[in-house]
Amino acid sequence: MPHTSPFRGSFTALVTPFRDGALDEKALRGLVDWQIEEGTHGLVPVGTTGESPTVTHDEHKRVVEWTVAQAAGRVPVIAGAGSNNTIEAIDLARHAEKAGADAVLVVTPYYNKPSQEGLYQHYKAINDAIGLPIIIYNIPGRSVVDMSVETMARLFELPNIVGVKDATANLARVSQQRQAMGPSFNQLSGEDATALAFMAHGGDGCISVASNVAPKLCSQLQNACLAGDFRAALTLQDRLFPLFQALFVETNPSPTKYALSVLGKIADEARLPMVPVSDKTKEIVRSAMVHAGLIN
C-alpha cells in the first residue's frame, strides 16, 4: 500500500478562543505561533477540543483559514471536518482542501449510530470528494459507534484514507490495526494519558489536548518516543501525568481553557452548553501546572 504520511509527533487539538461570545482571531493566531515556537509538530483546529459542536459552519471555516494562514506551512494542519451528516462533512472537507489544510480529521458519525457499512460509505463519499489525506477519528465514548479494525482495513484500500486518531484507550487496538494494515497506516493516539504506551505499541504520535497548555513538554515526550528512548519519555510522562488527568476533571475543553487563561494566552470563555470550571477544578488544574513546571 503506497500510503505515506508526515503526521508524526505531537499534534495539538487546538482550542477555539472566544471573547465576548465571538471568535478571538488575535488569540488564535497567537496560539498558533506559540505552539510552533514551542516545538509542536502539527495543529488540529476545530475538533472536539475546538468546540466544533457549537461553532457555526462559517466560524468553523474561518478558524481553519486562520490556522492555515498563520501556520504558513511551518507545520502540517489537520483540519477538523467531521459531521454525522455526510453532505456536511464533505462540505467541510472540501473547504479545508481549498483553504490549504494538509489533511482532514473526520470523526465517526455520532448520535445516528451508523452500521459498519454505513461508516464505510460515509468515509468513502468523503474520500471520493477530495484529494487530501483523511484521518479517521475513532472515539466511541463520544460518538457511540466504534469502527472495527475490519472496516478500517477496507477504508485503507482507498487512496486518501491514511490513518486513525484512536481514542478508544484500548492499547490492543494499536497492534491489531498494525497487524491488519501494516506500519504505513498512520496511528495517532487520541488520549494523552495512554499516549506513551500507544507509542510503544507502534504508534506515530498523539493528537493532544494537554499540548495546548504544555506544547514543549508534549513534543519532547513524543520526540523521545519516536527516538525509542522510552526511559526519557517516562520521565516526561511522570511530569505531565497530573496535567493529563486534571484537564479532564470536568469536560474538555473547559479545564484547558482555564489553564490557558492562567498562562495569559486566551480568555477563560466557552460556549454553552460548556461552562467555565468550578473553583475546585481550578485548584486541581493549577496544582498540575505547578507539578509540570508551567507556573510557580
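Residues numbered from 1 in each chain as written. Predicted model: local features only at pLDDT ≥ 70, side-chain atom pairs only at ≥ 80, totals over all residues. Heavy atoms only, no water.

A.B. asks: What is the right way to look at the state of the cysteines in this model?
C.D. replies: Covalent bonding between the sulfur atoms of two cysteines is what defines a disulfide. Counting across every chain of the model gives 0 disulfides. With no disulfide partner, Cys225 has as its closest neighbouring cysteine sulfur the one in Cys206, 9.6 Å distant. Looking at Cys225, the relative accessible area reads 6%, which means it is buried. (Disulfide = S-S within 2.5 Å. Buried < 20%, exposed > 50% of the residue type's maximum accessible area, 1.4 Å probe, protein only.)

A.B. asks: What is the right way to read helix α7 (residues 172-181) from this model?
C.D. replies: For an α-helix, 3.6 residues make a turn, and residues three or four places apart therefore share a direction. Restricting attention to buried positions, one finds in α7 the residues Arg173, Val174, Gln177 and Met181. Axial view of α7: buried residues confined to an arc of 105 degrees, hence all on one face. Residues of α7 that are buried in the fold lie against β7 (134-138), α6 (149-156), β8 (161-166), β9 (186-189) and α8 (195-200). After α7 finishes, the residue Gly182 shows a positive phi value of roughly 90 degrees. (Helix = DSSP H or I, 4+ residues; strand = E, 2+ residues; numbered from the N terminus. Arc of directions from axis to C-beta. Contact = heavy atoms within 4.5 Å.)

A.B. asks: Whenever I open this one, the UniProt feature "active site" (unreviewed entry) in the protein chain confuses me. Can you help?
C.D. replies: The UniProt entry lists Tyr137 and Lys165 under the feature "active site" (unreviewed entry), expressed in the numbering used here. For this annotated set, covering 29 residues, all C-alpha atoms fall within 4.7 Å of each other, a compact arrangement in space. With respect to the helices and strands, the residue Tyr137 is situated in strand β7. Excluding anything up to four places from it in sequence, Tyr137 contacts Thr48, Leu105, Val106, Val107, Thr108, Tyr123, Lys165 and Ala167. On the basis of relative accessible area, Lys165 is assigned to the buried category, the value being 6%. Leaving out residues up to four positions away in the same chain, Lys165 has contacts with Leu105, Ile135, Ile136, Tyr137, Asn138, Leu188, Ser189, Gly190 and Ile207. (UniProt positions renumbered as here; feature names shortened; annotations may be inferred.)

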